[in-house]
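Fold and geometry: a report
One letter stands for each residue in the lines below.
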Amino acid sequence: MVPHGKELSEDLKKRIVALHKDGLGYKRIAKTLKLSCSTVAKTIQRFNRTGSTQNRPHHGRHKKLSARAQRHIQRLSLGNRCMSAASIAAEVEGVGGQPVSAQTIRRTLHQIGLHGCHPRRKPLLKMMHKKARSLLKTSRLRTWITGTYSQTWWWECHGVGLH
């Protein structure tokens, strides 16, 4: 269960247990310490069950990367958008000394809001495209030399060849 509010201090928890041992009820303790009745009840029930007022250790795996390491990964990625996750992992390992997988780097970047992308592939030029480009270059050069650039430019844009 996830806590909904601020965690109680150990000192306050011990005061709740001490007041309960003195014979006070949940409502009276809650009113005295200005807490909710359910908070007092849960604290006392935990003490009766475990014999301690301390919280249990949290569940789940601990994060491998600190907040500082995550910022370092973000800076590296934004500095060079073509950098691969494996190369970022190698650089982070060199700085931090802790081995990090490329998948951890990808997951971290995804959580930050940076997603991987591949550059769009340019279609290969066919022979007719290459000829058209060479004709266009030579015709532009010819029109620039003769001084009729503005007139022939319109013809080239609309697919009409030069005379």
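None of these values were measured; they are calculated from a predicted model.

Right, let's get into the environment of Thr32. Relative to the helices and strands, Thr32 is located in helix H2 (residues 26-33). You can call Thr32 partly exposed: its relative accessible area is 48%. In the structure, Thr32 is positioned 16 residues away from Ile16 in sequence and 9.8 Å away in space, judged by C-alpha atoms. Within the structure, Thr32 has its side chain in polar contact with the backbone oxygen of Arg28 (distance 2.7 Å).

Below, the discussion takes up helix H4 (residues 67-79). The terminal C-alpha atoms of H4 lie 18 Å apart, and with 13 residues this matches the ideal 18 Å at 1.5 Å per residue to within 8%. For H4, the set of buried residues is Ala69, His72, Ile73, Leu76 and Ser77. Buried residues along H4 cover an arc of 130° about the axis, so they all sit on one side. Away from its buried face by more than 90 degrees, H4 exposes Arg68, Arg75 and Gly79. Turning to H4, the residues buried within the fold contact helix H5 (85-96) and helix H6 (102-112).

Here the protein shows a mean pLDDT of 81. Residues at 70 or above account for 80%. Per-element confidence in the protein ranges from a low mean pLDDT of 55 for helix H8 (residues 149-157) to a high of 94 for helix H1 (residues 10-21).

Looking now at unusual backbone geometry. Positive phi outside glycine occurs at Lys34, with the angle close to 55°. Position of Lys34 among the secondary structure elements: in the loop between H2 and helix H3 (37-50).

For the rest of this paragraph, the subject is H3. With 14 residues, H3 extends 20 Å from end C-alpha to end C-alpha; this agrees with the ideal 20 Å at 1.5 Å per step. Considering only its buried residues, H3 is in contact with H1 and H2. Where H3 ends, the next residue or the one after it, Gly51, has phi of about 80°, a positive value.

We now examine the packing of H5 against H6. Relative to each other, H5 and H6 sit at 100°, their axes nearing to 8 Å. One element, H5, and the other, H6, form an angle in the roughly perpendicular class. Judged by residue contacts, Ala85, Ala86, Ile88, Ala89 and Val92 of H5 engage Ala102, Ile105, Arg106 and Leu109 from H6. Considered class by class, the residues forming the contact of H5 with H6 number eight nonpolar, no polar and one charged.

Rules of the game
Residues numbered from 1 in each chain as written. Predicted model: local features only at pLDDT ≥ 70, side-chain atom pairs only at ≥ 80, totals over all residues. Heavy atoms only, no water. Helix = DSSP H or I, 4+ residues; strand = E, 2+ residues; numbered from the N terminus. Buried < 20%, exposed > 50% of the residue type's maximum accessible area, 1.4 Å probe, protein only. Polar contact = N/O pair within 3.5 Å; in protein donor to acceptor, adjacent residues only side chain to side chain. Expected span 1.5 Å × (residues − 1). Arc of directions from axis to C-beta. Contact = heavy atoms within 4.5 Å. pLDDT = per-residue confidence, 0-100. Axes fitted to C-alpha atoms, helices over the stretch in contact; angles between N-to-C directions. Parallel < 35°, antiparallel > 145°, perpendicular 65-115°, else oblique. Nonpolar A, V, L, I, M, F, W, Y, C, P; charged D, E, K, R; others polar.

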